[in-house]
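# Structure at a glance
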Amino acid sequence: MSWFDLAGRDLIAETDWTREEYDIAMKVTDQLKGAYYSRIPHPTLEYKTFAMMFFAGSTRTRMSFETAMTQLGGHAQFIDPQTTRLSLEDKPGAGETVKDTAEAMERYCDGVGIRLLDDKIRYYGEADEVMQKFAKHCRVPIINMASDINHPCQSLTDIYTMHEKLDADVRGKKIVIMWAWSPWIRGWCSVQGTALISSLYGMNVVVANPPEYDLDPRVMQDCRDLASASGGSFEVSHDLDSALDGATVVFPRNWFTKDRYEIGKEKEAEIAKQYVSWKYSAERQKKLGNPGYLLQCMPVDRGNEADAEVCDNRLSWILDQAENRLHTQKAILTLTMGGRL
Amino acid sequence: MSWFDLAGRDLIAETDWTREEYDIAMKVTDQLKGAYYSRIPHPTLEYKTFAMMFFAGSTRTRMSFETAMTQLGGHAQFIDPQTTRLSLEDKPGAGETVKDTAEAMERYCDGVGIRLLDDKIRYYGEADEVMQKFAKHCRVPIINMASDINHPCQSLTDIYTMHEKLDADVRGKKIVIMWAWSPWIRGWCSVQGTALISSLYGMNVVVANPPEYDLDPRVMQDCRDLASASGGSFEVSHDLDSALDGATVVFPRNWFTKDRYEIGKEKEAEIAKQYVSWKYSAERQKKLGNPGYLLQCMPVDRGNEADAEVCDNRLSWILDQAENRLHTQKAILTLTMGGRL
Amino acid sequence: MSWFDLAGRDLIAETDWTREEYDIAMKVTDQLKGAYYSRIPHPTLEYKTFAMMFFAGSTRTRMSFETAMTQLGGHAQFIDPQTTRLSLEDKPGAGETVKDTAEAMERYCDGVGIRLLDDKIRYYGEADEVMQKFAKHCRVPIINMASDINHPCQSLTDIYTMHEKLDADVRGKKIVIMWAWSPWIRGWCSVQGTALISSLYGMNVVVANPPEYDLDPRVMQDCRDLASASGGSFEVSHDLDSALDGATVVFPRNWFTKDRYEIGKEKEAEIAKQYVSWKYSAERQKKLGNPGYLLQCMPVDRGNEADAEVCDNRLSWILDQAENRLHTQKAILTLTMGGRL
């Protein structure tokens, strides 16, 4: 596990890369961010192409990746899979198979990003399966731009931002990932990703949610394993206010229940309505002993997930965090698509 | 008001920039057009990103901006806002706010272009409000790529083209902006923009339209004020043929009534039908004392707004005018996104 | 007919270019492919723009052209004509005419690619008419990215791939273009294109199809004429298995009947169902005396047009063929948009 091994690598799940590899990515992020603010050109991927398959919409992910490629001297293609022949159903007559699409794409590009989640899949886990299939059939790096299970580019951004803001001293700090009410009924990838990366880096991680909202048990087990190896801790709590006690960082976010793809969105909305009081507010922010910083991957449902006040005050990191998507992804692209083989 | 002040500046309304600033933009346009036709590379915005938000469709605006960024060494992102989370309704649960979207976008790009008009808005003035909100929350330049009220990139192109074609001698020349019948039911931005810029440059400006089609009174007042300061004149006429008398330049174009967003398109079509004779024809072109040149921002509804003959004869400027969008916008982008701060 | 003549040239039909000109394009393809695999930069089209009008969806065509422009130092704009004002109906009030769109586009770009076929047209021949109209009104090169009749970029790729794989010795080799059953009901451009280019290069060309599926008589006559000039041969057969006898290359592909635009897709499906046994299988591949290589432009309907086995075994060229789209198109773009005038 070294710099050498990152060239050509996929990044689909947070657990695909080791702590040492994320450290390398953060070191390169520092270098590229420094070059950017010093206006030093850094065309590490000149003439190269990153193909972005956006099954689902996006603001930050699309812009940050496309801008990243421009700053690195290459180009990102924005591809709506509906404009291609691809079908996720693997049967005669249905459309082009993932295998054929992936094997053709690798001939035209130096890396493939895929965003597939929420309403674009039929069951939890399908997006991950599609990405694994792409990875199997593509020798160029496959980068997860948000799936049903994972969101490693966001996760690296989160841990990089926490290192920046907390003087690189995240070990032992408490982070609370709290469920928050919203009519948006959102997927699990961001919250699971933040839980995984925080556990990997030895933080004390608490996921606080109403009982119906327990996350993927396998991911939670991964968190426990990572935390125990890193000297951190991981727990799930169903009591919000006690969970928040002493937290340094809070990540409020809505997500759906494990039954989302069976029961549909209306039933989801009904269950969620019981918990409208689960909101991150100035009141709750003040209760925390230490400054309780706001980490949130955006978009944030203002007034529901979090009050405007806590999004905009000096304890909110959300915009610097959003910007760091650009810098960390430039490191990921540079190392996987441009690294020395 | 100097070269120095243009770096980082927005361009939303024609009146945002002074006469001196448009003169600077035209000087830089000359330089960039010269470099282009001499095949001298001029990558003034290398590695930079211009984010184009196209709420409404476009041919010339999209291609000219995207080509401009390529020629300047950077990249323009073509963004359909429907692929983002943005909502123009500012309330909890509705989608991402303009504030959050704008504040995140400024982290990823060096300038933002917005095109929002016609069927994409709910009332006259809404597009301008959205652009002002973007400008408030974005420290990078906001460039209006056509709104309900203004179209400054087209306007600069128009005045630049008139300077080119009339030996830089536009002062005192008569320009008639005439309403023309078409089933297209189009917005006001282009005609108001041309009226404003022509008034700023001391032309004798006449807007000729049937009584139902008077334009925005505030914009018309701006025209009067600009004309009086520049030594030009501005008037509105409801009599087409006398208005055309002695004109050097004619801009025929359909537009809707002030009630467009209350009465809807069918009622609009009904009102318009009374004036099918309002068309720019070879007959009308010949009546003008001087050569009456055709200025039209395209698309032109051939056979309705203007006869094919006047679009294609030697008095038609429309294609050189279309091309100048590229050159003037390269100047705007270079000065606002690349200028020395 | 020389290198000099290719600058500024259109490529709409296979017959637009001579054998000598395709030879030049293949020589340049060799050079650009060599430079690519040697990682030698080759920005032949720096700062230039190729405008891609995709009326119909695509995977390979879009990615290969967009990647080509990036590798050549320029940029390809991905344009969905629905986001423009263009109307293919040439009448007042319908939208912007092809003439105006084309004449404006030539001011913004250095070449135009058009993809228009299948469900996007109303009758066979319409797409070709539209491209001819664009060519008439555009002084920059018009490149056919697939029409109803022709697909010259694919055809050049096919003949280049056959030269690569058969040691540049294609003359006298037998190629069978076979109709194959699929519910996809596809257009004629690829099969007609491969027939034309193979005839031009002196191959023994057989088109094998059920009687209802005879192709465009004018194209078939062109094939006969080309074959007779090149020392090759051209014939149509309605007996699949005898047609395959002794073939070196087989191209299995579904296509519709000549009545497609009159009878609609359901009736087409009904006619096709009689011929489900028309499939390229391992069985059929083995029957050929020589190795029978698979040439197929993809997407392939696996299990219908061809069995997975023949797509994936060592006799299948399909992925190398797909990759060659990139290299041959870089040659076409370089010669037409960048060549010395």
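Residues numbered from 1 in each chain as written. Chains lettered and ligands numbered in written order. Predicted model: local features only at pLDDT ≥ 70, side-chain atom pairs only at ≥ 80, totals over all residues. Heavy atoms only, no water.

## A word on the domain arrangement of chain A
Note on interface size: it is often stated as the accessible area lost on association of the parts. All names here are of chain A. Which entries qualify depends on this criterion: What marks off one domain from the next here is an automatic or database domain assignment. Should any heavy atoms of two residues lie within 4.5 Å, those residues are considered in contact. The buried area of a pairing is the accessible area, by a 1.4 Å probe, that goes missing from both parts when the two are put together, added over both. Just to be clear on terms, a salt bridge is a Lys or Arg side-chain nitrogen sitting within 4 Å of an Asp or Glu carboxyl oxygen. We call two N or O atoms a polar contact when they sit within 3.5 Å, provided that within protein one can donate a hydrogen and the other can accept it, with sequence-adjacent residues counted only if both atoms are side-chain atoms.
One can read the domain layout of chain A as domain 1 (3–150 + 322–337) and domain 2 (153–321). A C-alpha centroid distance of 24 Å is found between domain 1 and domain 2. Across the contact, 33 residues belong to domain 1 and 37 residues belong to domain 2. In total, domain 1 and domain 2 occlude about 2,800 Å² of area from one another, counting both sides; carbon and sulfur atoms represent 58% of this. Area buried by domain 1 at its contact with domain 2 is led by Arg19, Met26 and Tyr124, which between them contribute 21% of it. If you look at where domain 1 meets domain 2, you find 3 salt bridges. Between Glu164 and Lys33 there is a salt bridge, with the nearest N and O atoms lying 2.7 Å from each other. Summed over the shared surface of domain 1 and domain 2, the result is 24 residue pairs in polar contact (both at pLDDT 80 or more).

## Looking at the interface of chain A and chain B
Rule in force here: Helix and strand definitions follow DSSP, with helices as H or I runs of at least four residues and strands as E runs of at least two, each counted in order from the N terminus. Classification used: nonpolar for Ala, Val, Leu, Ile, Met, Phe, Trp, Tyr, Cys and Pro, charged for Asp, Glu, Lys and Arg, polar for all others including Gly.
Contacts between the two partners involve 36 residues from chain A and, on the opposite side, 27 residues from chain B. Two residues, B:Glu96 and A:Arg60, come together in a salt bridge whose shortest N-O distance is 3.0 Å. On inspection of chain A and its partner chain B, the count reaches 14 residue pairs in polar contact (both at pLDDT 80 or more). Going through the elements one at a time, helix 3 (60–71), strand 2 (75–79) and helix 13 (318–337) of chain A are the ones with two or more residues in the side of chain A that touches chain B. The greatest single-element share of the side of chain A that touches chain B, amounting to 8 residues, is contributed by helix 3 of chain A. Here the side of chain A that touches chain B is built from residues that sort into 13 nonpolar, 11 polar and 12 charged.

## Some remarks on empty space enclosed by the protein
Just so we agree on the cut-off: We place a 1 Å grid over just the protein atoms. Points where a 1.4 Å probe fits but has no way out form a cavity, open points with protein on both sides within 12 Å along at least 5 of 7 lines form a pocket, and any residue with an atom within 4 Å of a point lines it. Grid points are joined across faces, edges and corners, and a volume is the space filled by probe spheres set on the points.
All chains considered together, the criterion is met by 5 cavities of 30 Å³ or more. Taken as a whole, the largest cavity spans an internal volume of roughly 50 Å³. Forming the walls of the largest cavity are A:Ser58, A:Thr59, A:Arg62, A:Met63, B:Met53, B:Ile79, B:Thr83, B:Thr84, B:Thr101 and B:Met105. Elements that contribute at least two residues to the lining of the largest cavity include exactly helix 3 of chain A together with helix 4 (98–108) of chain B. For the lining of the largest cavity, a count of residues per class yields 4 nonpolar, 5 polar and 1 charged.

## Thoughts on the sheet that holds strand 6 (residues 204–208) of chain A
Residue and element names in this part refer to chain A. Heads up, the condition is: DSSP bridges decide pairing: two strands pair if at least two such bridges lie between them.
What the 5 strands build is an open sheet, ordered 7-6-5-8-9; its pairing is parallel. With partners counted over all chains shown, the strands left at the sheet margins are strand 7 (233–237) and strand 9 (293–294), one partner each. The pairing of strand 5 (residues 174–179) with strand 6 spans 5 bridges and is classified as parallel. Paired with Met178 across the bridge in strand 6 is Ala208.

## Topic: the pairing of strand 1 (residues 49–54) of chain C
All names here are of chain C. The criterion, for reference: Only protein chains enter the area calculation, which uses a 1.4 Å probe; residues under 20% of their type maximum are buried, those over 50% are exposed, and those in between are partly exposed.
Of all 6 residues that make up strand 1, 6 are buried, and the element is covered over most of its length. Residues Thr49, Ala51 and Met53 of strand 1 are buried on one face, and the alternating residues Phe50, Met52 and Phe54, pointing to the opposite face, are buried as well. By the bridge criterion, 5 bridges tie strand 1 to strand 2 (residues 75–79) in an arrangement that is parallel. Each residue of the ladder has a partner; that of Met53, found in strand 2, is Ile79.

## So, helix 5 (residues 126–137) of chain A
Selection rule: Between the first and last residue of a helix there are one fewer steps than residues, each counted as 1.5 Å, and that sum is the expected span.
With 12 residues, helix 5 of chain A extends 17 Å from end C-alpha to end C-alpha; this agrees with the ideal 16 Å at 1.5 Å per step. Contact partners of the buried residues in helix 5 of chain A: strand 1 (49–54), helix 4 (98–108), strand 3 (111–115) and strand 4 (142–144) of chain A.

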